[in-house]
Amino acid sequence: MITGKTQLLGVIGDPISHSLSPLMHNAAIQAMNTNIINEQEKVDYVYLPFPVQSEKLSEAIACLANIGVQGFNVTIPHKQAIIPLLTEVSAIAQAIGAVNTVYLTENGWAGTNTDMDGFIAPLKVYDWANKTAVILGNGGSSRAVVAGCHQLGMKEIHVLGRNPAKLQQFLDSWQNSPLPINLQVHDWREINNLINHCSLLVNTTPIGMYPHVDQSPVSEEVINKISPNTIVYDLIYTPNPTLFLVQARQQAATIIDGLEMLVQQGAIALQLWVNRPVPVGIMRQSLQKHLGLI
Ligand code: NAP
């Protein structure tokens, strides 16, 4: 129940009405307050969507601090633009070049990025030493995926893109980053050669995302080369599964969908704000129900 003591959390973005974060976070907060014995145990928060236009970003985050907001998520188009407005930015957020989670400190707003940990959460059960990752796409989310593959101890990280200038920029950016990562970049068509010795194949492009549900980032020929030992991961969460994952499953590969990353990055952020373990299962279930998956 919201009372005079309830504290605010939220998400800023433009647009924001499509965000699944309020649903997932409020479900977790509500579950944490079920069966509590006394008031001290209450996780007294509510998580709200805050529509913030780009030209109002600086003013908006100052206002959020002024009205006592305790923390917030950041989504498109503010993930990069917010960095110079924060008093502290974690090394991982600097390396990724984007902030998705902001929390209050004595000195003001501090930013971090939970996408990398969200991405690797379902991969930690496997051994990645001496393994090769092939990452399709070199946009924003690809950066968290590259950092995640490095964190998992992958021997080789290959990033494929369609624009040579952007690929080169992507490569250069890691060389001067707080997390100097050894990776190789390739033209998109190199997938035909790389697929044979790849243990993890990740789609970070929007190819196959609703409404283009009949598209796959790779050809039938490439799909046929996927080994049953490969883990195929698609960051897209609608549809669920994507055509790419359906095709990979037909090759007996293990598949992971984008919903898990969404849930895990949110759970890590919520835990940071409320400073206690959070019900990840409830967060996952709330999204699965909302998306008609259960
Ligand atoms: P982004 O920054 O726009 O990057 C998209 C990348 O895909 C770019 O490298 C782009 O290439 C490439 N691309 C787009 N269309 C392509 C095509 N037809 N052929 C080859 N490459 C193509 O987007 P993002 O923020 O990384 O998001 C990408 C996807 O990940 C979206 O579907 C998003 O919903 C999903 N995502 C999921 C989560 C999660 O928690 N599950 C988190 C973040 C993102 P160019 O640079 O050459 O245009």
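In this text, all values refer to a predicted model and were calculated from it rather than measured experimentally. (Residues numbered from 1 in each chain as written. Predicted model: local features only at pLDDT ≥ 70, side-chain atom pairs only at ≥ 80, totals over all residues. Heavy atoms only, no water.)

Novice: Just to check I follow, could you spell out helix 1 (residues 21–32) for this structure?
Specialist: It helps to recall that an α-helix has 3.6 residues per turn; residues three or four apart then point in one direction. Compared with an ideal rise of 1.5 Å per residue, which puts 12 residues at 16 Å, helix 1 spans 16 Å between its outermost C-alpha atoms and is within 8% of the ideal. Of all the residues in helix 1, the buried ones are Ser21, Pro22, Met24, His25, Ala27, Ala28, Ile29 and Met32. Residues of helix 1 that are buried in the fold lie against strand 1 (7–13), strand 2 (45–51), strand 3 (71–74), helix 10 (258–274) and helix 11 (280–290). (Helix = DSSP H or I, 4+ residues; strand = E, 2+ residues; numbered from the N terminus. Expected span 1.5 Å × (residues − 1). Buried < 20%, exposed > 50% of the residue type's maximum accessible area, 1.4 Å probe, protein only. Contact = heavy atoms within 4.5 Å.)

Novice: Teacher, can you tell me more about the sheet that holds strand 1 here?
Specialist: Whenever strands of a sheet pair, they do so through backbone hydrogen bonds, lying parallel or antiparallel. Pairing is mixed in the open sheet, where 6 strands are placed in the order 2-1-3-5-6-4. Lying at the two open borders of the sheet, with one neighbouring strand each, are strand 2 and strand 4 (88–89). Both strand 4 and strand 6 (residues 108–112) contribute to a ladder of 2 bridges, which runs parallel. Residue pairing for strand 6: Glu88 is matched across the bridge by Ala110. Lying over the sheet, helix 1 contacts strand 1, strand 2 and strand 3, oriented at roughly 170 degrees with respect to strand 2. (Pairing = 2+ DSSP bridges. Axes fitted to C-alpha atoms, helices over the stretch in contact; angles between N-to-C directions.)

Novice: What should I look at first to understand the sheet that holds strand 12 (residues 254–256) in this one?
Specialist: Ordered by their spatial adjacency, 6 strands build an open sheet running 9-8-7-10-11-12, and the pairing between neighbours is parallel. Where the open sheet ends on each side, the last strands, each with one partner, are strand 9 (184–187) and strand 12. Going from strand to strand, the sheet's axes swing by 20 degrees on average, the running direction of each strand aside. Where strand 10 (residues 200–203) and strand 11 (residues 231–234) come together, 4 bridges link them in parallel fashion. Residue pairing for strand 11: Asn203 is matched across the bridge by Asp234.

Novice: I keep staring at the site of the ligand and nothing clicks. Help me out?
Specialist: The ligand sits among 20 residues. The nearest are Asn138, Gly140, Ser141, Arg162 and Gly258. For the ligand, a nitrogen atom lies 2.9 Å from a polar atom in the backbone of Leu235. Calculation on the ligand without its partners gives an accessible area of 920 Å², and the protein chains cover 73% of this total. Put simply, the parts of the chain that give the shell around the ligand at least two residues each are helix 5 (140–151) and helix 10. Tallying contributions element by element places helix 10 first for the shell around the ligand, with 3 residues. Residue composition of the shell around the ligand, by class: 9 nonpolar, 9 polar and 2 charged. (Near = heavy atom within 4 Å. Polar contact = N/O pair within 3.5 Å; in protein donor to acceptor, adjacent residues only side chain to side chain. Areas by Shrake-Rupley, 256 points an atom, 1.4 Å probe, with all protein chains shown as cover. Nonpolar A, V, L, I, M, F, W, Y, C, P; charged D, E, K, R; others polar.)

Novice: I'm lost on the pairing of strand 3 in this one. Help?
Specialist: Each regular strand shows side chains that alternate between the opposite faces of the sheet. Side-chain alternation along strand 3 places Gly71 and Asn73 on one buried face and Phe72 and Val74 on a second face that is also buried. For strand 1 and strand 3, the ladder comprises 4 bridges, and the chain directions are parallel. Its bridge partner lying in strand 3, Gly10 is registered against Phe72. With 3 bridges joining them, strand 3 and strand 5 (residues 101–105) adopt antiparallel strand pairing. Bridge pairing links Gly71 to Tyr103 in strand 5.

Novice: In this structure, what is going on with the packing of helix 1 against helix 10? I would like to understand it.
Specialist: Any two packed helices are characterised by the angle at which their axes cross and by the distance between the axes. Where helix 1 meets helix 10, the axes come as close as 10 Å, and the angle between the chain directions of the two elements is 50 degrees. Put simply, helix 1 runs oblique to helix 10. The element helix 1 and its partner helix 10 pack so that their crossing is right-handed. Residue-level contacts link Met24, His25, Ala28, Ile29 and Met32 of helix 1 to Leu262, Val263, Gln265, Gly266, Leu270, Trp273 and Val274 of helix 10. Tallied by class, residues from the contact of helix 1 with helix 10 come to 9 nonpolar, 3 polar and no charged. (Parallel < 35°, antiparallel > 145°, perpendicular 65-115°, else oblique. Left-handed = near helix turned anticlockwise from the far one by under 90°.)

Novice: For this particular structure, what's the right way to read the packing of helix 5 against helix 6 (residues 164–175)?
Specialist: Between helix 5 and helix 6, the least distance of the axes is 12 Å, while the angle of their chain directions is 50 degrees. Put simply, helix 5 runs oblique to helix 6. Like other packed secondary-structure pairs, helix 5 and helix 6 cross with a definite hand, here right-handed. Taking contact as the criterion, the partners of Ser142, Arg143, Val146 and Ala147 in helix 5 are, on helix 6, Phe170, Ser173 and Trp174. Of the residues belonging to the contact of helix 5 with helix 6, the class tally is 4 nonpolar, 2 polar and 1 charged.

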